[in-house]
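What follows is each chain in one-letter form.
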Amino acid sequence: MMAITFEQLLENAKFFEWIPMVLLIFAIVYLILGLWYMLSKMFSRPDWEARAKVEMTRMIVSGLMIIGIAGFATVIAMATYALAEDANPFDVSREFIGGLAMNDLPTQVSKLWESSREARIESSINKPMPSCTAGACFTEHAGHVYIANNLEMIATVVIPFSASLVVQLLVLDVIRQFFLSLLLPAGFILKIAPVTRDSGAFLISLALAFYFVFPMVYVAGSLMHKEVGTKVKGELERMVSSSKLGDAYDFDNGRSLKAVAALAYLGPFAMTIPLLAVILSIAAARSLFPVFSKDFVDEVNM
């Protein structure tokens, strides 16, 4: 596997589409500060001049921060692409989540519903002793109704997780389309005014953390699924097939138990990976916030 080049990174991702917008914002702000400085000289206002110098210093620090963010984006993007085997991490995440939501989970749930239907049919069949005309008859598989109830309960629990995965697909699309192209420039705009400086730092931290960390968790989950998924599901199905289950599950040849075993493997992916992605993204945003909210003016020798 060849590592992705910087040129491929520019072509295949949106990691740097925010830079022109941010540079335009900085150019406008520098122009305003320059006019402010000239007015302070024109009207002999040293307080205006001092304020203009302070804000210019902040903008210089913010410009250095942009260079740092661009470097950070390059390193993290190349690491993410390497983890995703040179594919776009958002595409890998969508493929992984879409496979779980649209194929893997619905397939197993469908098997549970079908087995539940067959169990209820089995539980309703009466057999004569020797004739039901006298009321003397019995239901050989009456207990299958409880198996049907359990299978329906499992299917009902799984369906919301499949629906939540579809929501996560939408969340991934929103992060991909807007967090760097809209949220990051908005953060730099808010950092201009003193009263909204912390809000701007928060938006910058949030945009970077969710854009880079959020899909990387799904990429890691996809790699684990590809590496161990077939083996683990095969071992679970063999274990179910070799178990002494008695005659209770002969009505569907153990299909329902194999579906339950498959869901036992798929369930943690559907439940824990989205939660882990959010937790790690928030933790990354909280770690970045002190850096972007720090006022470096006092540390710059004017």
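Residues numbered from 1 in each chain as written. Predicted model: local features only at pLDDT ≥ 70, side-chain atom pairs only at ≥ 80, totals over all residues. Heavy atoms only, no water.

(A) Here's a closer look at the overall build of the chain. Secondary structure assignment for the chain yields 7 helices and 2 strands. Listing each helix as α and each strand as β along the chain from the N terminus yields α-α-α-α-β-β-α-α-α. Taking all 302 residues of the chain together, the buried fraction comes to 38%. Once local pairs closer than 6 in sequence are excluded, the contacts in the chain between residues at least 24 apart make up 77%. Of the roughly 16500 Å² of accessible surface on the chain, a fraction of 67% belongs to carbon and sulfur atoms. (Helix = DSSP H or I, 4+ residues; strand = E, 2+ residues; numbered from the N terminus. Buried < 20%, exposed > 50% of the residue type's maximum accessible area, 1.4 Å probe, protein only. Contact = heavy atoms within 4.5 Å. Areas by Shrake-Rupley, 256 points an atom, 1.4 Å probe, with all protein chains shown as cover.)

(B) Region of interest: helix α7 (residues 255-293). Its 39 residues place the ends of α7 57 Å apart at the C-alpha level, agreeing with the 57 Å of an ideal helix rising 1.5 Å per residue. Bending of α7 peaks at approximately 35 degrees at the position of leucine 266, with proline proline 268 no more than four residues after it. (Expected span 1.5 Å × (residues − 1). Bend = angle between axes of the 7 residues up to and from the residue.)

(C) Highlighting the packing of helix α4 (residues 89-123) against helix α5 (residues 144-190). α5 packs onto α4 with a crossing angle of 165 degrees between their chain directions and a minimal axis gap of 8 Å. In this view, α4 runs roughly antiparallel relative to α5, as classed from their interaxial angle. α5 is crossed by α4, and the crossing has left-handed handedness. Residues of the contact of α4 with α5, tallied by class, amount to 23 nonpolar, 10 polar and 7 charged. (Axes fitted to C-alpha atoms, helices over the stretch in contact; angles between N-to-C directions. Parallel < 35°, antiparallel > 145°, perpendicular 65-115°, else oblique. Left-handed = near helix turned anticlockwise from the far one by under 90°. Nonpolar A, V, L, I, M, F, W, Y, C, P; charged D, E, K, R; others polar.)

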